[in-house]
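Per-entry structural report
Listed here are the chains, written in short residue letters.
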Amino acid sequence: MRPQLAVVPLAVIFVVLGAVVGMLRLFYLHGITDSPIASGLYGHHGELMVFGFLGTLIVTERYLGSLDLPLPRPIHAMPFLVGLGA
């Protein structure tokens, strides 16, 4: 299976979730909403953006760029493991 077909949609889900959490946090901090919606995710906004989106996308891009090189077999699981770890 081609990793970009499974991992890139996961990265897009992470960036959308990170953007929504960031907007909800801004709404609460500026008094637009009274109750904190999804307050458990507020502290994880940065992790969602950096590790969920950028990390997953960069690892997949580097993996696809190195397919012409002789790679050890476990390296083929790298994009999936990074997406799962995020």
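What follows deals with the overall build of the chain. Summing up its helical and strand segments, the chain has three helices and zero strands in all. The secondary structure elements of the chain, listed N-terminal to C-terminal, are α-α-α. For 86 residues, the compact-globule formula gives about 12 Å, and the C-alpha radius of gyration of the chain, at 16 Å, lies well above that figure. Summarising its shape, the C-alpha atoms of the chain cover approximately 55 × 15 × 15 Å along the three principal directions. Residues counted as buried form 20% of the 86 residues belonging to the chain. Contacts in the chain between residues far apart in sequence, at least 24 positions, make up 62% of those at least 6 positions apart. Entry remark: accessible area of the chain is about 5,900 Å², with carbon and sulfur atoms responsible for 71%.

Turning next to the pattern of salt bridges. According to the stated counting rule, one finds one salt bridge in the structure shown. Among the salt bridges present, the one from E61 reaches R62, with a minimum N-O distance of 3.9 Å. Overall, the relative accessible area of 59% leaves R62 in the exposed class.

The next thing to look at is the nonpolar core. Among the nonpolar cores identified, the biggest contains five residues, and these are F14, V21, L24, Y42 and L48. For this core, the element with the most residues is helix α1 (residues 3-29), which contributes three residues. The contacts of F14, once residues within four sequence positions are left out, are L48, G52, F53, G83 and A86.

On to the packing of α1 against helix α2 (residues 45-65). At a closest axis distance of 8 Å, the pairing of α1 and α2 adopts a crossing angle of 160 degrees. By the angle class used here, α1 and α2 are roughly antiparallel. The way α1 lies across α2 gives a crossing that is left-handed. Residues P3, Q4, V7, V8, A11, F14, V15, L17, G18, A19, V21 and G22 of α1 lie in contact with α2, whose contacting residues are H45, L48, M49, G52, F53, T56, L57, T60, Y63 and L64. Of the residues belonging to the contact of α1 with α2, the class tally is 15 nonpolar, seven polar and no charged.

This brings us to a nonpolar patch on the surface. Where nonpolar side chains cluster on the molecular surface, the patch consists of V12, V16, V20, M23, F27 and I32 and spans about 520 Å² of accessible area. Positionally, V12 belongs in helix α1.

How each quantity is defined
Throughout this document, residue positions are counted from 1 along each chain, in the order its sequence is written. Side-chain atom pairs in this predicted model are given and counted only at pLDDT of 80 or more, local residue features only at pLDDT of at least 70, and totals for whole chains, interfaces and linings cover all residues. By convention in this description, side-chain values take in all heavy atoms of the structure and omit both hydrogens and water. Helix numbering and strand numbering both begin at the N terminus, where a helix is a DSSP run of H or I of at least 4 residues and a strand a DSSP run of E of at least 2. In this setup the radius of gyration rests on C-alpha atoms only. A globule is expected at 2.2 Å times the number of residues raised to 0.38. Residue burial is assigned from relative accessible area. The probe radius is 1.4 Å, only protein chains are included, and a residue is buried under 20% of its type maximum, exposed over 50%, and partly exposed in between. Here, residues are in contact when the closest pair of their heavy atoms is within 4.5 Å. Each accessible area is a Shrake-Rupley estimate made with a 1.4 Å probe; only the visible protein chains count as cover when residues are assessed. Put simply, a salt bridge is a Lys or Arg side-chain nitrogen that is within 4 Å of an Asp or Glu carboxyl oxygen. Only buried Ala, Val, Leu, Ile, Met, Phe, Trp, Tyr and Cys residues count toward a nonpolar core, and they belong to the same one when joined by side-chain atoms within 4.5 Å. Only C-alpha atoms enter the line fits that serve as axes; for helices the fit covers just the stretch in contact. Angles between N-to-C directions range over 0 to 180 degrees. Any angle between 65 and 115 degrees counts as roughly perpendicular, while under 35 counts as roughly parallel, over 145 as roughly antiparallel, and the rest as oblique. Crossings are classed by handedness, with left-handed meaning an anticlockwise turn of the near helix from the far one by less than a right angle and right-handed meaning a clockwise turn. Classification used: nonpolar for Ala, Val, Leu, Ile, Met, Phe, Trp, Tyr, Cys and Pro, charged for Asp, Glu, Lys and Arg, polar for all others including Gly. Excluding any residue in a salt bridge, patches collect residues exceeding 30% relative accessible area, merging like charges within 9 Å and nonpolar Val, Leu, Ile, Met, Phe, Trp and Tyr side chains within 5 Å.

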